[in-house]
Amino acid sequence: TPVNSLTSVSIESLPSSSVGELRLSGVPLTAATVVSSNDLASLVFVPASNFNGNFVSAFTFRVIDDGGNVNGGLATDGTLRTFAFNVNAVNDAPT
């Protein structure tokens, strides 16, 4: 069992705007945004129109826990993490 619990995630870099955007509750994010662990389910990537493929984009983040600096620890993970994703193609409605 982990000693500390996740409190938030700091979004360090964003996907390229040419492929889409990262949104929180429908609002586009900026780099260095801290997202509460309670809000992570509202974090989504919205691809640009007609954009699809495997490993098309990514963002980087750091995990923040509730441990503080007790016993020489760090509340913010020192390792930059990467989240990469695929976008599946969909059929567009005729125009």
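Residues numbered from 1 in each chain as written. Predicted model: local features only at pLDDT ≥ 70, side-chain atom pairs only at ≥ 80, totals over all residues. Heavy atoms only, no water.

Pulling in residues and values, what's your account of unusual backbone geometry?
Positive phi is not limited to glycine here, since N50 has a value of about 60°. The residue N50 is located in the loop between β5 (43-47) and β6 (53-65) in this model. Looking at N50, the relative accessible area reads 60%, which means it is exposed. Despite not being glycine, F55 has its phi angle at roughly 50°, a positive value. (Helix = DSSP H or I, 4+ residues; strand = E, 2+ residues; numbered from the N terminus. Buried < 20%, exposed > 50% of the residue type's maximum accessible area, 1.4 Å probe, protein only.)

I'd like to hear about the pattern of salt bridges, residue by residue, with values.
Considering all chains together, one arrives at 2 salt bridges under this definition. Ionic pairing is found between R23 and E21, a salt bridge with its closest N-O pair at 2.6 Å. The exposure class of R23 is partly exposed, given its relative accessible area of 26%. For D77, the salt bridge is made with R81, and the minimal N-O distance between the two is 2.8 Å. Classification of D77 as partly exposed rests on a relative accessible area of 23%. Under the relative-accessibility criterion, R81 is labelled partly exposed at 37%. (Salt bridge = Lys/Arg side-chain N within 4 Å of Asp/Glu carboxyl O.)

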